[in-house]
Amino acid sequence: MISKNLIFIFFNLFILHNIWTQEKENPLAGIDLRLVRSNIDYGNFAIYDQLNKEVIIDKNEGRIVFIGNSITQGWKNFMPEMFDNQTFINRGISGQTSTEMLVRFRTDVINLKPKVVVILAGTNDIAGNTLFRGLEIVAGNISSMAELASQNNIKVILCSVLPAANFPWRKGKNPDIKIPLLNRLIKDYAQKKGFYYLDYYNLMNDGNNGLKKDYGNDGVHPNMNGYKLMQKMVLDAISNIL
């Protein structure tokens, strides 16, 4: 005969299992999402509020805006002399996905009235920093930014996503497979629309779809050598389209 203690143990395990299953299926249960959303600066507009106000809109005919994630933001840390917030403007935000960039594109790009925008996006989408819904959605966000720019007489440079064999902070996302596929979508779109496609990927690829060690220290973000190569490539691209 099963003892009462054993029945009690099984009963509690059953209850705990149900609780764990419910929590796993709905980790947001009990949270007022409306309240959360009303307090989130989704595009992180606040980061560049002040710097945008400091841009002298009508006194620069050769303005270039770079929009992107930590790869773009980190560029300013390595080469602060390149970005003066007037001629060359850095609007990278660490961790951002293409969806978040699209949300702030008017504020951080169009309203600054640049001649050219340099768009580098996709790494964090593949990493799953926000809900990943497929490469076509990412490419669509990038396309939307390009079309918004074009409609506002801003020339467009669409950058390939840099190679990465894996993401140290998010394992199992297969960027070595997904990044080349996304780059193909970006390149095909750029060629179809007549936008400049800037191919960082092939020159920085180690042969195994990872970032060359000479160009980065963590397999994802460029080091000074990486940024020097990117600087030369983007300056050539800007010269070609202006």
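Thresholds, definitions, all that
- Residues numbered from 1 in each chain as written.
- Predicted model: local features only at pLDDT ≥ 70, side-chain atom pairs only at ≥ 80, totals over all residues.
- Heavy atoms only, no water.
- Helix = DSSP H or I, 4+ residues; strand = E, 2+ residues; numbered from the N terminus.
- Buried < 20%, exposed > 50% of the residue type's maximum accessible area, 1.4 Å probe, protein only.
- Contact = heavy atoms within 4.5 Å.
- Areas by Shrake-Rupley, 256 points an atom, 1.4 Å probe, with all protein chains shown as cover.
- Salt bridge = Lys/Arg side-chain N within 4 Å of Asp/Glu carboxyl O.
- Pairing = 2+ DSSP bridges.
- Right-handed = clockwise from strand over helix to strand, strands pointing away.
- Expected span 1.5 Å × (residues − 1).
- Core = buried A, V, L, I, M, F, W, Y, C linked by side-chain atoms within 4.5 Å.
- Polar contact = N/O pair within 3.5 Å; in protein donor to acceptor, adjacent residues only side chain to side chain.
- Phe/Tyr/Trp six-rings, centres within 6.5 Å; stacked < 30°, edge-to-face > 60°.

> A description of the overall build of the protein chain should follow, citing residues and the corresponding values.
Counting secondary structure elements, the protein chain contains ten helices and five strands. For the protein chain, the residues scored as buried account for 43% of the 242 residues in total. The long-range share in the protein chain, meaning contacts at least 24 apart out of those at least 6 apart in sequence, stands at 74%. When the accessible surface of the protein chain is split by element, carbon and sulfur atoms take 54% of a total near 13400 Å².

> Summarise the pattern of salt bridges; cite the residues concerned and give the values.
A pair can form between side chains of opposite charge whenever their charged atoms are brought close. Scanning all chains against the criterion turns up four salt bridges. Note that Arg104 and Asp108 form a salt bridge whose closest N and O atoms lie 2.8 Å from each other. Note that Arg104 and Asp108 are positioned in helix H5 (residues 98–108) at a spacing of four residues, about one turn of the helix. The exposure classification of Arg104 matches that of Asp108, with both residues buried.

> Pulling in residues and values, what's your account of the pairing of strand E4 (residues 155–159)?
In terms of burial, E4 is largely enclosed, as four of its five residues are buried. As paired strands, strand E3 (residues 116–119) and E4 are joined by four bridges and run parallel to one another. Bridge pairing links Val117 to Val156 in E4. As judged from the three bridges shared by E4 and strand E5 (residues 196–198), these two strands associate in the parallel manner. The residue of E5 that forms the bridge with Cys159 is Leu198. Taking the sense of rotation as the criterion, the β-α-β connection linking E4, helix H8 (residues 175–193) and E5 turns out right-handed.

> Give me the lowdown on helix H7 (residues 135–151), citing residues and values where you can.
With 17 residues, H7 extends 24 Å between its outermost C-alpha atoms, agreeing within 8% with the 24 Å of an ideal straight helix rising 1.5 Å per residue. Among all positions of H7, only Leu135, Val138, Ala139, Asn141, Ile142, Ser143, Met145, Ala146 and Ala149 are buried. As for H7, its buried residues are in contact with H5, E3, helix H6 (123–127), E4 and H8. Asn153 occupies a position one or two residues after H7 and carries a positive phi of about 60°.

> Can you tell me about the nonpolar core, naming the residues and giving the values?
A general feature of soluble globular proteins is that nonpolar side chains tend to end up buried together. Phe105, Val117, Ile119, Ile142, Val156, Leu158 and Leu182 are the most contacted members of the largest nonpolar core, which has 36 residues in total. Breaking this core down by element, the ones donating at least two residues are strand E1 (64–68), H5, E3, H6, H7, E4 and H8. Excluding its chain neighbours within four sequence positions, the residues that come into contact with Ile119 are Ile67, Phe105, Ile142, Met145, Ala146, Val156, Ile157, Leu158 and Cys159. Residues Met82, Val116, Leu120 and Tyr200 belong to the second largest nonpolar core, which totals 27 residues.

> Any chance you could break down the environment of Val109 for me, citing the residues and the numbers?
In this fold, Val109 is placed in the loop between H5 and E3. For Val109, a relative accessible area of 0% puts it in the buried group. As a C-alpha pair, Val109 and Asn90 span 19 residues in sequence and 9.9 Å in three-dimensional space. Those residues in contact with Val109 that sit more than four places away from it in its chain are Val65, Ile67, Arg104, Pro114 and Val117.

> Outline the side chain of Asn141, supporting the account with residue identities and numerical values.
With respect to the secondary-structure elements, Asn141 resides in helix H7. What makes Asn141 buried here is its relative accessible area of 11%. Here Thr99 takes part through its side chain, which lies 3.1 Å from a polar atom of the side chain of Asn141.

> Provide a residue-level description of the packing of aromatic side chains, including the pertinent values.
The geometry of two aromatic rings is summed up by the distance between their centres and the angle between their planes. Summed over all chains, the structure comprises eight aromatic pairs. Residues Phe66 and Phe83 carry aromatic rings whose centres are separated by 5.3 Å and whose planes lie at 90° to one another, so their mutual orientation is edge-to-face. Remark: Phe83 occurs in the loop between helix H4 (70–78) and strand E2 (88–92) and Phe66 occurs in strand E1; sequence separation between them is 17 residues. Residue classification places Phe66 among the buried positions, given a relative accessible area of 1%. Here Trp75 and Phe83 contribute two aromatic rings whose centre-to-centre distance is 6.0 Å and whose plane-to-plane angle is 80°, an arrangement assigned as edge-to-face. Looking at Phe83, the relative accessible area reads 5%, which means it is buried. The rings of Phe66, Trp75, Phe78, Phe83, Phe88 and Tyr227 are connected pair by pair, giving a single aromatic cluster.

Function cannot be read off these values alone, since they describe shape.
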